[in-house]
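Here's the letter readout for the chains.
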Amino acid sequence: MARIHTFSVGFCTHPACIALRGAGLQPRVFPARAYLLETRHGLYLWDTGYSARFATETCGIYAPYRWVTPVTYHHEQDNLCHQLDKLGVRAADLLAILLSHFHADHFAGLADYPKRPIYASTAALASIKELSGIKALFKAFVPGLLPSDFADRIKPFEAKTPKPLPNSLAPFRSGWPVDAGEEIWAVPLPGHAEGHMGAFIETDRGWVLLASDAAWAPESYRELRGPSELSFVVQHDRKDYFRTLARLNALYMAGIQICLTHEGG
Ligand SMILES: [Zn+2]
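Quick summary incoming for the structure in this document.

Definitions and limits used
- Residues numbered from 1 in each chain as written.
- Predicted model: local features only at pLDDT ≥ 70, side-chain atom pairs only at ≥ 80, totals over all residues.
- Heavy atoms only, no water.
- Helix = DSSP H or I, 4+ residues; strand = E, 2+ residues; numbered from the N terminus.
- Salt bridge = Lys/Arg side-chain N within 4 Å of Asp/Glu carboxyl O.
- Buried < 20%, exposed > 50% of the residue type's maximum accessible area, 1.4 Å probe, protein only.

Details of the environment of Phe 172
(1) Moving on: Considering the arrangement of structural elements, one finds Phe 172 in the loop between β8 (163-164) and β9 (174-177).
(2) Moving on: Distance from Phe 172 to Gly 195, taken between C-alpha atoms, is 16 Å for residues 23 residues apart in sequence.

Description of the pattern of salt bridges
(1) Moving on: All told, the structure shown has nine salt bridges when counted by the stated rule.
(2) Moving on: Close ionic contact of Glu 183 with Arg 40 constitutes a salt bridge, the shortest N to O distance being 3.7 Å. Of this pair, Glu 183 sits in the loop between β9 and β10 (184-188) while Arg 40 sits in the loop between β2 (27-39) and β3 (42-46), and the two are 143 residues apart along the sequence.
(3) Moving on: For Arg 40, a relative accessible area of 55% translates into the label exposed.

What to know about unusual backbone geometry
(1) Moving on: Here the amide bond leading from Ala 170 into Pro 171 is cis, since omega sits at 10 degrees, within 30 degrees of zero.
(2) Moving on: Following the sequence through the fold, Pro 171 ends up in the loop between β8 and β9.
(3) Moving on: Phi is positive for Glu 130, which is not a glycine, with a value near 55 degrees.
(4) Moving on: Turning to its location among the elements, Glu 130 is positioned in the loop between α7 (122-128) and α8 (133-138).
(5) Moving on: Given the relative accessible area of 76%, Glu 130 is considered exposed.
(6) Moving on: Even without being a glycine, Ser 212 presents a positive backbone phi close to 55 degrees.
(7) Moving on: Within the secondary structure layout, Ser 212 lies in strand β12 (residues 206-212).
(8) Moving on: Looking at Ser 212, the relative accessible area reads 1%, which means it is buried.

Bear in mind that shape data such as this cannot, by itself, settle questions of function.
Given below as structure tokens:
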């Protein structure tokens, strides 16, 4: 059974109602989480959170990203490598970095893990191919955050054959096992961003879904209450978003634990 270690790697602030319709205008903190997944066969990272590079790379045409999502990140205490170090884990110990999608708050730390294989979905990879400038900005993608050898290290989740998931995870029927022991399963959670993925993790306390940005607040899947309509200017597909939310609601009703990247700030 895998163990999940959860880290907050910086945070940004927004009015609460952007993340959850009707939640008011008061500012709310949205931590950028990353997860260390400790399996029988080795260690994986799910997303990276922010890094010091976020501030240096969001300049010029990408500066509005920093203005729209004001980020608080203190390198000494927030840097994920420093946090992993406290557990005795070094970058070289990781078998791979698994990315839910290519919004900067999920992959800004990628260059801190040299030579590690990087997994993402085929659609997510296609969506950032040769993407730059204003088009990238509107997809919350900052190309300078990718390591220079990114193309040599990337592998699509879908390179493996999909397999059926246990019936207890309905309405999710199949996924892509990531690790040799099949304790991590990548699954599509479409709507938020092109190729947006989550992962089911088999732990000794049952299955847990790392649902990434499929919602920004637990009330969304518990009450089927979406974010502000304004947020769909930057989210990928409103219809898919609510379809995914309904699937999360079914899991929640069945007692499966769901972890959202930005909840609980
Ligand atoms: Zn996102």
